[in-house]
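# Chains, contacts and geometry: an overview
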Amino acid sequence: MSPASSHALKHPPVTAPSEPAGADSDFPELAVAIGKQRRRGRGAQSNASGRFEAEARVAFDDGWQSLEELPPFKTSVGVDTSRKVITHNESPDIGFDRSINPYRGCEHGCVYCFARPTHAYLGLSPGLDFESKLFAKPEAPSLLEKELAATGYEPRMIAIGTNTDPYQPIEREHKIMRGILEVLERAGHPVGIVTKSALVVRDIDILARMAKRNLAKVAISVTSLDPKLARTMEPRAATPPKRLEALKQLSEAGIPTTVMVAPVIPALNDSEIERILDAAAHAGVKEASYVLLRLPLEVRDLFREWLMANYPDRYRHVFTLIRDMRGGRDYDAKWGERMKGTGPMAWTIGRRFEIACDRLGLNKRRSKLTTDHFARPKRNGDQLSLF
């Protein structure tokens, strides 16, 4: 199969609105390949093969109406057998150098999720596979305890929820995140959590105890206060009121909380920045941050599909503004710029955010976690100390 024919299979051209000025004229818009009933309750519109696959498969009707017999996408959970649970990074524009992901894939189905391309490493699609074919790490708590007990381990804050959500719906059954928190609490190890799920309040008991020792903080992403937009964009995530209520409960329990206005999408939810910050401040939040929409790899095409299916009248305008903030491209992964963008529109969003935070008294103080309480877990066979 030639590269050209492979591209045609993965990206079948269809009639679509013209690209914004300055776009590549030969870009083939993606078709909505999966029927609405089969993907009901999901975020992505299609399930194109991952970028590492030699061949691509596209569902099409051969005249026998066989597509009507295909079952809807159902969530399945496999087992991830990784032997290490802490991953490290050297990125200079994020505030942590290590993280844990209890799950691979995320059932929340947020169409804009920058973690979607990671499913291609599993031979799966960053589209519907990412939100329906999930993998859990049941051994994560025990693996974490071993890694913390290693002689050369030096404690620093562990971030959880930076790739996929640790409190996505399957956590209710698997409880891997709670097991991880139990290990971290025993070891006196600091943790920062990012989620958009109200399920985090289930673990307030552990988080409150850790917060008293400056060992825990929680950030909740609130993308929109519009219930229709939120449900369309993040179909299986908690509703905006539930996220705000979770922030309130966490704050009242003495747990440092942050509201994340993320991602900010121009001409779609950027008008809500001030309202989201105001609602979060009334819920007791003291810190806030924002991230501009990121469209790496397959996420660009998946977001295009979603935008054309749900907001076709805004398609050209949204991408024109995105490119204005990304140096004329759909995405620029340059460190220092990928989170906030560049140009007048990006500057305006940043100033609006800062002015609103100042008005509401947000970010006056930043919570800092400590490693002073860290106690290396005992390994099997370790000799007990006499002192």
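A separate point is the side chain of N47. The topology assignment puts N47 in the loop between α1 (3-10) and β1 (76-79). Among the polar contacts made by the side chain of N47, one reaches the side chain of S125 at a distance of 3.2 Å. A polar contact of 2.8 Å, which involves the side chain of N47, links it to the backbone nitrogen of D129. Apart from residues no more than four positions distant in its own chain, N47 is found in contact with I34, F73, S125, G127, L128 and D129.

Summary statistics for the protein chain give a mean pLDDT of 89 and a share of 86% for residues scoring 70 or more. A low-confidence stretch, residues 1-18 stays under pLDDT 50, and its non-local contacts, those more than four residues away or across chains, total 32 contacts.

Here we come to the sheet that holds β1. The strand order across the open sheet formed by three strands is β1-β5-β4, and the pairing between neighbours is mixed. A single partner strand is all that each edge strand has here, and the edge strands are β1 and β4 (103-104). Across four bridges, the pairing between β1 and strand β5 (residues 133-136) is parallel. Residue pairing for β5: G78 is matched across the bridge by F135.

Glancing now at the environment of A237. Mapped onto the fold, A237 is located in the loop between α7 (227-233) and α8 (240-252). Overall, A237 belongs to the buried group, its relative accessible area being 5%. In the structure, A237 is positioned 72 residues away from D165 in sequence and 9.7 Å away in space, judged by C-alpha atoms. Other than its neighbours up to four places away in sequence, A237 contacts H108, K196, R231 and R243.

The subject of this paragraph is the sheet that holds strand β2 (residues 86-88). The strand order β2-β3-β6-β7-β8-β9-β10 describes an open sheet built from seven strands, whose pairing is mixed. Bordering the open sheet on either side are β2 and β10 (287-292), each of which pairs with just one other strand. Each strand axis lies, on average, 25° off the axis of its neighbour in the sheet, ignoring direction. Sheet topology places strand β8 (residues 216-221) next to strand β9 (residues 257-264); four bridges connect them, and they run parallel. When the sheet's bridge partners are listed, I220 is paired in β9 with V259.

So, about the pairing of strand β7 (residues 191-195). With four of five residues buried, β7 is to be regarded as a mostly interior element. Two strands pair when backbone bridges link them, and strand β6 (residues 158-160) and β7 are joined in this way by three bridges, in the parallel orientation. By the bridge assignment, I158 is partnered in β7 with V191. As judged from the five bridges shared by β7 and β8, these two strands associate in the parallel manner. Looking at the pairing, I193 lines up with V218 of β8.

A separate point is helix α12 (residues 343-360). If you check α12, its first and last C-alpha atoms are 26 Å apart, about what 18 residues at 1.5 Å a residue would give, namely 26 Å. Within α12, the full set of buried residues consists of A346, I349, G350, F353, A356 and C357. Projected down its long axis, α12 shows its buried positions confined to an angular sector of 130°, all on one face. Exposed residues pointing more than 90 degrees away from the buried face of α12 are listed as P344, W347, I355, D358 and R359. Elements in contact with the buried residues of α12: β9, α9 (273-282), β10 and α11 (315-325). One or two residues past the end of α12 sits G361, with phi positive at roughly 75°.

Basis of the calculations
- Residues numbered from 1 in each chain as written.
- Predicted model: local features only at pLDDT ≥ 70, side-chain atom pairs only at ≥ 80, totals over all residues.
- Heavy atoms only, no water.
- Helix = DSSP H or I, 4+ residues; strand = E, 2+ residues; numbered from the N terminus.
- Polar contact = N/O pair within 3.5 Å; in protein donor to acceptor, adjacent residues only side chain to side chain.
- Contact = heavy atoms within 4.5 Å.
- pLDDT = per-residue confidence, 0-100.
- Pairing = 2+ DSSP bridges.
- Buried < 20%, exposed > 50% of the residue type's maximum accessible area, 1.4 Å probe, protein only.
- Axes fitted to C-alpha atoms, helices over the stretch in contact; angles between N-to-C directions.
- Expected span 1.5 Å × (residues − 1).
- Arc of directions from axis to C-beta.

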